[in-house]
Every structure is written in C-alpha cells, then in structure tokens.
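# Chain and residue survey
Here are the chains, one letter per residue:
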Amino acid sequence: MKQILGLIILPFFCHFATGATWEITYPRPMSDDDRRQEYPVKLLALALEQTGVNYDLKPASVVMLQEKSLKQLAENRSVNVVWSMTDTDRESRLLPIRIPIYKGLIGWRVFLVKQNQLAKFKNIDTMESLLNFKPIQGFDWPDTKILQSNGFDVVTSKNYSNIFTMLANNQGDFVPRSIIEVWKEYDGGFIDESIAVEPTLGVKYPAAMYFFVNKSNRTLAKLLENGLEKAIASGEFDKLFEEEFKDIFERSNMDKRFFFQIDNPLIAPEMPIDRKELWY
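The structure contained in this document is the topic of the report that follows. Starting afresh in each chain, residues are numbered from 1 along the sequence in its written order. Local features in this predicted model are restricted to residues whose pLDDT is 70 or higher, and side-chain atom pairs enter the listing and the counts only when it is 80 or higher, whereas totals over whole chains, interfaces and linings include all residues. Note that the side-chain values use all heavy atoms of the structure and ignore hydrogens as well as water.

Across a regular strand the side chains alternate sides, sitting on one face of the sheet and then on the other. Burial status follows relative accessibility: with a 1.4 Å probe on protein chains alone, a residue under 20% of its type maximum counts as buried, one over 50% as exposed, and anything between as partly exposed. Counting from the N terminus, the helices are the DSSP runs of H or I reaching at least four residues and the strands are the DSSP runs of E reaching at least two. Across the ten residues of strand β9 (residues 195-204), seven count as buried, placing the element largely inside the fold. Two strands form a pair only when DSSP identifies at least two bridges running between them. Sheet topology note: the strand β5 (residues 108-114)/β9 ladder contains six bridges and is antiparallel. In the sheet register, Val113 faces β9, and the bridge partner there is Ala196. Examined bridge by bridge, β9 and strand β11 (residues 258-261) share four bridges and lie parallel to one another. Bridge pairing links Gly202 to Phe259 in β11.

Written out as structure tokens, the structure reads:
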C-alpha cells in the first residue's frame, strides 16, 4: 500500500526525479456519448507533452457533476485537475491556471428554445424585450449569477440534464448555452427533439474557463501553466483550437447572429484580459 501511495504522491513533489510519472485525474464524462470532455483532455495532454514529463492522464472512477468535482478537488480527493468557468468564489477555493482554454467563447451564448416558440424570438430587438423571457440554468453555475445581475429572472435546476427537460416542459423560455458546448450537446442526444437552436440571437459577456488544481498543488499548477504557455508560443494551442472548433462558427450562423453584450460582475481582477493572443 505504501508503494502505491508513493507512486501517486511522488510526482507532485519530486517531478524532477528520473522516471517519475505524473498521475493526472480529471472528472469522468457523464456518459460514453458525452463529447464535451474531448477538447479539454486533448489540451491537457498537449500541455503535458510540451513539458516533456512522463504522465498518466485518466478519468476519475465515478461520474461527478461539476460542483461535486470542484468540491472533491478542494478536498484533494478523487481528481487533481478540473476545468470550469471561473468566478471569484472558485478562484478563492482553488488554484486557477489563468489561460482561457476556450479563448473566451464560453461567454458567447446562443439560445435553445422550443421549436414551436421560435417565432417569439424573431421580434426581440432590444435588451428590454429579451428580459421578458426566462432563461433556465444550473443553480450553482456562475452564468446564473451573471444573468441575474443583468436583470434576468432565471429558473434554476440542480441537475444538468434536467435543464433541457424543463425547457421541453415549458418551465422556462430558453436555455443559453455557449457556442462551444451547444453543438456537442445537440449532437450527443442530450436535447429533446422538440428543441432547436435559435438562429439569430445571443448574449455575450467576458468569461473564461480555466484548468483548476488544489490550492496546495502549486507544483502541478506551474507544470500545466508552463506547458500551456509553450503550446501558445509554438502555435500548437491555436492549431488544436482551430481543428476542434472550425465548424462551430458556420453552424452558429455567426455572420447573421446579433449578440447582446452584458456585464460579468464575477470577473476576478487577475483575468488576463490584456493578453490578446489568449482570446478569440
């Protein structure tokens, strides 16, 4: 047992040791069809490869919803890296690697709506008219607070998959989803066939999804930061990003879609807004 524990702990404190292997455990996808994890895992692997270390990158043994995985990370249990949209609360509990893994596109939101309600959205031309519609979100998502702070009456759910059921059952008017999430959800069968992606509108706010590690794990944080910075400098980060998301702009009808700009009061002052190479 001591030998097994040593294999797990050693890399985080003695990563310069010859032959040491970094054990990197991330949250398990919700199902085998859940493709939303693919890009973050590929980016993690790219960052680790840039550093030249030996690593073992694997999912946790059980599925965890986002808040559970963040709690486990804070307690140094089950996972040692999680990717999540940042806010001041999460940055106070965890250690962020402040490189937006989606180049800020997590804050570009399009609307899932009932197909028989699409006509109602054609008449929205002001923020005031949009505020008459109720969005559905996860109760613990940063997006919920962002939308509420901008005047939306948000309907919430404690269960991720239930937000789509609530929309299908007319318990709210729309579900805002980022353009880098919505098509994987749509193609992955998460969404009821009565629901469509509204083709003309969206909301946009400054936001970032980071990799997070435990507060005490500064060695792993530095390793991932160095790897990501090397991938940015070499162009490998952009190459992976473009390969992964080259089709989403066409599918999202970006040249004909209007985004309402709203505020994000949850931005931490350390967000690297001025580094233009990190943002779309």
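So, on to a nonpolar patch on the surface. Where nonpolar side chains cluster on the molecular surface, the patch consists of Met30, Val63 and Leu65 and spans about 220 Å² of accessible area. For Leu65, the position within the fold is in the loop between β2 (54-63) and α3 (66-74). Note on Leu65: relative accessible area 38%, which makes it partly exposed. Patch criteria: residues need more than 30% relative accessible area and no salt bridge. Like-charged residues are merged within 9 Å; nonpolar side chains of Val, Leu, Ile, Met, Phe, Trp and Tyr are merged within 5 Å. Surface exposure here means Shrake-Rupley accessible area, sampled with a 1.4 Å probe, where a residue is shielded only by the protein chains that are shown. Salt-bridge detection follows one rule: a side-chain nitrogen of Lys or Arg within 4 Å of a carboxyl oxygen of Asp or Glu.

Counting residues in each nonpolar core, the largest one holds 94 residues, and the members touching the most others are Leu43, Leu112, Leu130, Ile179 and Phe211. Broken down by element, this core gets its largest block of residues, eight residues, from helix α2 (residues 38-51). When checking whether two residues touch, look at their non-hydrogen atoms; a contact exists if any pair is within 4.5 Å. Setting aside its immediate chain neighbours within four residues, Ile179 contacts Leu105, Trp108, Val110, Ile248, Phe249, Ser252 and Met254. Joining through side-chain atoms within 4.5 Å is the link that ties buried Ala, Val, Leu, Ile, Met, Phe, Trp, Tyr and Cys residues into a set, and such a set is a nonpolar core.

Expected helix span is taken as 1.5 Å per residue step, with the number of steps being one fewer than the number of residues. With 17 residues, helix α10 (residues 218-234) extends 24 Å from end C-alpha to end C-alpha; this agrees with the ideal 24 Å at 1.5 Å per step. Among the residues of α10, Leu220, Ala221, Leu223, Leu224, Gly227, Leu228, Ala231 and Ile232 are the ones counted as buried. Buried residues along α10 cover an arc of 165° about the axis, so they all sit on one side. Away from the buried face of α10 by more than 90 degrees, exposed residues Arg218 and Ala233 are located. In this description, the arc belongs to the directions extending from the helix axis to the C-beta atoms.

A few words on the sheet that holds β5. The four strands are arranged β8-β5-β9-β11 in an open sheet whose pairing can be described as mixed. The sheet terminates laterally at β8 (175-178) and β11, the two strands that pair on one side only. Direction aside, the axes of adjacent strands within the sheet are offset by 40° on average. In this analysis, axes come from line fits to C-alpha atoms, helices being fitted only over the stretch in contact, and the angle between any two N-to-C directions falls in the range 0 to 180 degrees.

Before going further, it helps to examine unusual backbone geometry. Phi is positive for Asn76, close to 60°, though the residue is something other than glycine. Assignment of secondary structure puts Asn76 in the loop between α3 and β3 (82-85). The backbone of Ser78 sits at a positive phi, close to 70°, despite the residue not being glycine. Exposure remark for Ser78: the relative accessible area of 48% places this residue in the partly exposed category.

To continue, consider the sheet that holds β3. Pairing is antiparallel across the open sheet formed by three strands, whose spatial order is β3-β10-β4. Each end of this open sheet is capped by a strand with a single partner; those strands are β3 and β4 (95-97). For this sheet, the mean angle separating the axes of adjacent strands, direction not counted, is 45°. As judged from the three bridges shared by β4 and strand β10 (residues 209-213), these two strands associate in the antiparallel manner. Bridging from a neighbouring strand, Ile97 pairs with Phe211 of β10.

Stacked, tilted and edge-to-face are the three classes applied to pairs of Phe, Tyr and Trp rings, where Trp contributes its six-membered ring and a pair requires centres within 6.5 Å; stacked means planes under 30 degrees apart, edge-to-face means over 60, and tilted covers the rest. Within this structure, the stated rule accounts for 19 aromatic pairs. Ring plane angle 35° and centroid distance 4.9 Å describe the contact between Phe121 and Phe133, whose orientation is recorded as tilted. With a gap of twelve residues between them, Phe121 in helix α5 (residues 118-121) and Phe133 in the loop between α6 (127-130) and β6 (136-138) connect regions that are remote in the sequence. Residue Phe121 shares its accessibility class with Phe133, and that shared class is buried. The interplanar angle of 80° and the centroid separation of 6.0 Å between the aromatic rings of Phe121 and Phe174 together place this pair among those described as edge-to-face. One end of the pair, Phe121, is in helix α5; the other, Phe174, is in the loop between α8 (162-168) and β8, with 53 residues separating them in the sequence. Grouping residues by exposure puts Phe121 and Phe174 together as buried. Members of the aromatic cluster, joined through ring pairs, are Phe111, Phe121, Phe133, Phe152 and Phe174. Comment: the charge-over-ring label is applied if NZ (Lys) or CZ (Arg) is within 6 Å of the ring centre and within 35 degrees of the ring normal. Of note, Lys103 hangs over the ring of Phe241, and the distance from its end group to the ring centre comes to 5.8 Å.

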